[in-house]
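# Structural overview
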Amino acid sequence: MLPENINLSKRINKLSPSLTIAISQKARELKAEGKDVLAFSAGEPDFDTPQVIKDAAKKAIDEGFTKYTAVAGIPELLEAIQTKLKKENNLDYNTNEIIVSNGAKQSLFNIFAAILDEGDEVIIPAPYWVTYPELVKYHDGVPVTIETFEDTGFKITPEMLKNAITPKTKALILTTPSNPTGAVYSKSELEALAEVLKDTNILVISDEMYEKLVYGETFYATASISEDMLKRTITVNGLSKSVAMTGWRFGYCASKISELNKAMIKLQSQATSNINSITQKAAIPALLGEVNEDIEMMKKAFEERMNFVYEEFNKIEGLSAAKPTGAFYIFVNHKEIEKDSMKFALELLDKEGVAVVPGIGFGSEGYFRFSFATSMDILAEGIKRIKKFVENYK
């Protein structure tokens with residue numbers, strides 16, 4: 001007879017559920033009950049995967065490419081990533097320095113599992129993607145948060161970084177463009193941060209998932225800033241956001257640290273082994289530029305929506321928002337109305353049927369993240385409901 005209660009591990013009890021997933025699930029449940037709900041909580045493009053990617057997947061199925069592959073990925077896929085990194089980011093990697101995983105989340109999981117021991121500190125600028133501190137805690141590390149501010153574009157400065165470093169610092173996480181703020185680090189800003197890290201053993205984990213969605217700025221890969229940064233940076237990327245492949249589960253990391261790469265492959269070989277073979281074949285045309293027109297179409301639509309939501313939110317008395325220069329989110333300040341972001345988000349969902357993610361999940365109280373990865377009509381209706389909610393808030 002099975003016990004009614006079991007003692008779960010201390011490690012699993014450190015984890016908190018993802019607020020973005022929790023809010024999205026709540027919105028789905030309300031919709032299933034027949035309620036009129038508009039969800040702006042998910043980090044997912046509303047566009048379909050480009051046809052050339054689908055065709056590559058169909059071809060793989062038709063040709064019977066359905067067996068196990070090498071853990072890190074098939075040779076032609078690793079070569080495609082290698083080509084992409086060289087052509088688009090001016091980064092030289094050997095194919096044995098690239099590992100393909102089931103989305104960037106698994107890449108990050110592998111990295112932290114391989115580098116962290118109990119008490120190791122990881123510097124995380126806030127607002128941050130909700131998963132970063134959870135994975136650090138799961139692997140017995142200590143998240144060290146640097147609070148950033150709206151009036152400085154939600155970016156850390158060299159002085160902030162210098163002040164956060166201790167003898168226990170193992171890594172810094174940089175996200176450019178940022179989820180949830182849309183902030184993009186300039187070349188000079190990255191160079192200034194790189195100067196602080198010189199003569200240290202600190203690793204940089206650079207999450208560049210939104211690199212193709214940048215508006216009015218130039219994207220610079222962190223590892224491209226200097227030879228020193230190339231040696232210490234683990235680049236994390238994928239195709240979920242740029243080419244609408246969220247459900248395909250494709251992410252990768254690239255690193256010059258051979259010992260780390262071997263450790264991550266060893267871990268993945270015992271966890272999931274290779275990612276599914278069909279996605280590997282489908283990713284190749286996306287990486288080699290065959291969907292660039294689709295990317296430009298999506299980017300143009302996102303930029304139009306970004307300008308719209310930025311103007312509309314800043315018209316609402318009591319709300320303010322910095323202009324995003326990347327990704328497809330806007331981070332809205334509601335402190336004048338309500339300082340508790342969870343309370344604000346839950347009441348907004350209950351009273352107006354609008355789902356947003358509370359800022360506390362990103363480490364920044366008094367804000368909500370609003371995704372503009374949906375149609376202009378839905379965006380307009382959502383903001384209209386939020387305006388009504390704010391005007392009547394008590």
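Anyway, here's the lowdown on the structure attached to this text. (Residues numbered from 1 in each chain as written. Predicted model: local features only at pLDDT ≥ 70, side-chain atom pairs only at ≥ 80, totals over all residues. Heavy atoms only, no water.)

### Brief notes about the overall build of the chain
Across its full length, the chain holds 14 helices and 13 strands. Of all 394 residues assigned to the chain, the portion counted as buried reaches 54%. Counting contacts in the chain only where the partners sit at least 6 residues apart, residues at least 24 apart contribute 74% of the total. In the form shown here, the chain has an accessible surface area of approximately 18000 Å², with 49% of it arising from carbon and sulfur atoms. In the chain, 46 positive and 55 negative side-chain charges are present, and the distance between their average locations comes to 2 Å. (Helix = DSSP H or I, 4+ residues; strand = E, 2+ residues; numbered from the N terminus. Buried < 20%, exposed > 50% of the residue type's maximum accessible area, 1.4 Å probe, protein only. Contact = heavy atoms within 4.5 Å. Areas by Shrake-Rupley, 256 points an atom, 1.4 Å probe, with all protein chains shown as cover. Lys, Arg positive; Asp, Glu negative; His and termini not counted. Charge placed at Lys NZ, Arg CZ, Asp CG, Glu CD.)

### What about helix α8 (residues 187–197)?
Taken residue by residue, α8 has Leu190, Leu193, Ala194, Val196 and Leu197 as its buried positions. For α8, the buried positions fall inside an angular range of 155° around the axis, keeping them on one side. The inward-facing, buried residues of α8 contact α7 (158–164), β5 (169–175), β6 (203–207) and α9 (227–232). Looking one or two places after α8, you find Asp199, whose phi comes out positive at around 65°. (Arc of directions from axis to C-beta.)

### Some points on the packing of aromatic side chains
One pass over the structure, following the stated rule, counts 19 aromatic pairs. Between Phe344 and Phe368 the ring centres are 5.6 Å apart and the planes differ by 10°, which places this aromatic pair in the stacked class. Note that Phe344 is positioned in helix α13 (residues 341–352) and Phe368 in strand β13 (residues 367–371), a separation of 24 residues in sequence. Taken individually, Phe344 and Phe368 each receive the classification buried, so the pair is uniform in this respect. Three or more aromatic residues joined by ring pairs make a cluster, and in this case those are Phe40, Phe313, Phe344, Phe368, Phe370, Phe389 and Tyr393. Here Arg11 stacks its cationic end above the ring of Tyr138, 5.6 Å away from the centre of that ring. Over the aromatic face of Tyr185 sits the side chain of Lys155, whose NZ or CZ is 5.9 Å from the ring centroid. (Phe/Tyr/Trp six-rings, centres within 6.5 Å; stacked < 30°, edge-to-face > 60°. Lys NZ or Arg CZ within 6 Å of the ring centre and 35° of its normal.)

Functional significance is not addressed by these values, which are geometric in nature.
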